[in-house]
Amino acid sequence: MEGRISALAVLCLVLSSVGALEVIIPEVQYEFARGDNITLPCSFKSTLAAPPLVVISWSAEAPTANAKETLILTYYFPSKLTDIKSMYEGRVSLDVSIPTGKANLKLSSITLADNKVFECRVQIPKDDEGTPADTVRLVVLVAPSTPICKTQGKAEYGQNINLTCLSAEGSPTPTYKWDSRDVRNMPRAAPHPRTTDKGGILSLYNITKDTSGIYTCTSRNKIRSATCNITLAVMPPSLTFGSTAIIAVAVSAVVLIALIVIIFCCCRHRKKKREEEEYAMGVPGEEFHDKEPARNGERRQADRDEDTRVDRDPNEERSQRGYDSRKDNDEPHSDYDDRRSEYDDRRSDYDDRRSDYNDRRSDYSDRRDRNSDRNERHDDERSYNERRDRRNDDDDRYDEPHDDRPPVPNNKPLRRDYDD
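So, a few notes on the structure that sits alongside this text. Source: prediction; values computed, not measured. (Residues numbered from 1 in each chain as written. Predicted model: local features only at pLDDT ≥ 70, side-chain atom pairs only at ≥ 80, totals over all residues. Heavy atoms only, no water.)

**What to know about the overall build of the protein chain**
Regarding its fold elements, the protein chain presents 6 helices and 19 strands. Across the 420 residues that make up the protein chain, the buried fraction comes to 24%. As displayed, the protein chain has an accessible area near 30600 Å², and 52% of this comes from carbon and sulfur atoms. (Helix = DSSP H or I, 4+ residues; strand = E, 2+ residues; numbered from the N terminus. Buried < 20%, exposed > 50% of the residue type's maximum accessible area, 1.4 Å probe, protein only. Areas by Shrake-Rupley, 256 points an atom, 1.4 Å probe, with all protein chains shown as cover.)

See below:
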């Protein structure tokens with residue numbers, strides 16, 4: 001009894017499935033290149049030979065879970081009216097035939113935005129059992145764009161860093177692979193045991209000098225591949241950019257100080273050499289002290305005083321110096337400001353000093369001539385004294401007594417007196 005019931009139930013199920021509506025899409029996934037004009041096939045079978053009303057609709061949803069469904073178009077039979085949504089207007093159409101059960105969707109100039117799951121649904125009144133809808137995945141093939149390689153972290157000894165690689169576009173989603181070469185451009189024998197390469201991220205742990213080199217990332221999908229390179233230079237912590245900048249600033253400061261010292265020494269040497277030349281020429285160098293420098297007229301007067309100093313009385317000269325010292329001590333304190341203002345004029349007075357020096361040279365020549373004249377007068381006086389001494393000797397000689405005259409001879413006759 002139970003066997004008969006089971007057989008009857010199976011027979012009823014088969015008969016019900018044969019008479020139900022069925023919508024079929026031949027493939028689960030279709031792949032097309034970006035920019036192609038494509039057709040997504042869809043067919044349906046109904047238990048009704050001539051259904052009075054048929055409604056065919058195509059919709060799309062993103063391949064992610066719980067994505068929002070977007071209606072593309074709706075076709076109504078027997079009115080043959082097609083309602084196309086605005087976002088697909090101009091690039092979508094329906095190839096439909098009710099007697100043969102055809103309801104193909106045509107898309108033109110597909111893009112990455114069409115990389116979705118499409119659904120074909122058929123609605124027939126009084127024939128709603130079975131499979132009224134079927135789905136298909138559209139894969140828009142796009143070659144991966146040139147990836148961008150970046151470094152995350154500090155490339156210093158003992159640090160952990162990541163090398164990232166990412167293509168802005170690519171469909172299907174590209175896969176990434178890293179290869180590396182050392183600083184001699186030789187392939188590495190084996191990566192570090194802790195090195196990981198996943199999803200375009202190459203993780204390097206406890207990097208050292210040997211980690212330096214050239215790293216190449218390859219982004220690939222079923223269309224083609226693209227690569228990018230990055231050069232990694234691992235430096236000691238003391239040679240980082242900040243430390244290098246500090247060292248550069250310090251070296252620059254030392255060089256600047258040394259340059260200033262050299263310039264100062266050169267100036268001192270030139271000044272000393274100029275003073276020596278002035279001293280050799282007879283012009284004393286400038287004395288930078290609190291005393292007020294002598295004016296041009298005063299220097300000329302000092303030169304004239306020096307010329308006549310030989311004829312001065314020492315007591316008078318000492319009294320004059322004492323008077324000058326008292327005069328200097330009685331100067332008011334305000335003369336200090338005058339001296340400071342006159343200090344700025346010293347350099348201009350230097351030229352006057354040069355001209356005064358020439359005057360002094362000429363005065364010196366005059367003094368030398370006067371000294372020569374004085375010496376000549378002295379010689380003349382000495383010669384005159386010598387001549388006078390000789391005359392005095394002669395006079396003394398003539399003033400001697402006549403007894404010294406030779407005696408009169410005895411036989412000399414007597415003088416006659418003619419008066420007698």
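**Re the sheet that holds strand β5 (residues 54–61)**
In spatial order, the strands read β2-β12-β10-β5-β6-β7; together these 6 strands make up an open sheet with mixed pairing. Of all strands in the sheet, those bounded by a partner on one side alone are β2 (29–33) and β7 (81–84). Taking each pair of neighbouring strands and ignoring which way they run, the sheet shows an average axis angle of 20 degrees. The sheet contact formed by β5 and strand β10 (residues 117–123) spans 7 bridges and is antiparallel. Residue pairing in the sheet places V55 in a bridge with Q123 of β10. (Pairing = 2+ DSSP bridges. Axes fitted to C-alpha atoms, helices over the stretch in contact; angles between N-to-C directions.)

**Some remarks on the nonpolar core**
Among the nonpolar cores identified, the biggest contains 31 residues, and L40, I56, W58, I72 and F118 are the most heavily contacted of them. Elements that contribute at least two residues to this core include exactly β1 (21–24), β3 (38–40), β5, β6 (69–77), β8 (92–97), β9 (102–107), β10 and β12 (133–141). Excluding residues that lie within four positions of it along the chain, I72 makes contacts with W58, S59, A60, D83, I84, K85, Y88, V92, L105 and F118. Ranked by size, the runner-up nonpolar core spans 16 residues in total, among them Y176, L202, Y215 and L232. (Core = buried A, V, L, I, M, F, W, Y, C linked by side-chain atoms within 4.5 Å. Contact = heavy atoms within 4.5 Å.)

**So, the packing of aromatic side chains**
According to the stated counting rule, one finds 1 aromatic pair in the structure shown. Their ring planes at 15 degrees and their centres at 6.4 Å tell us that Y30 and F32 sit as a pair that is stacked. (Phe/Tyr/Trp six-rings, centres within 6.5 Å; stacked < 30°, edge-to-face > 60°.)

**Notes on unusual backbone geometry**
In most cases, non-glycine residues show a negative phi, while peptide bonds are predominantly trans. Cis geometry is adopted by the peptide bond preceding P78, which originates at F77 and carries an omega value of 20 degrees. Its location among the elements puts P78 in the loop between β6 and β7. Between S171 and P172 the backbone carries a cis peptide bond, its omega angle lying at -5 degrees. Notably, K80 is not glycine yet its phi reads approximately 55 degrees, a positive angle. Here K80 lies in the loop between β6 and β7. A relative accessible area of 59% means that K80 is categorised as exposed.

**Things to note about the pattern of salt bridges**
Scanning the model with the defined rule gives 6 salt bridges in all. The residue R34 makes a salt bridge to E169 at a minimum N-O spacing of 3.4 Å. One end of the pair, R34, is in the loop between β2 and β3; the other, E169, is in the loop between β14 (161–166) and β15 (175–181), with 135 residues separating them in the sequence. Assessed through its relative accessible area of 32%, E169 is described here as partly exposed. Here R184 makes a salt bridge to D182, at a shortest N to O gap of 3.5 Å. A relative accessible area of 66% places R184 in the exposed class. (Salt bridge = Lys/Arg side-chain N within 4 Å of Asp/Glu carboxyl O.)

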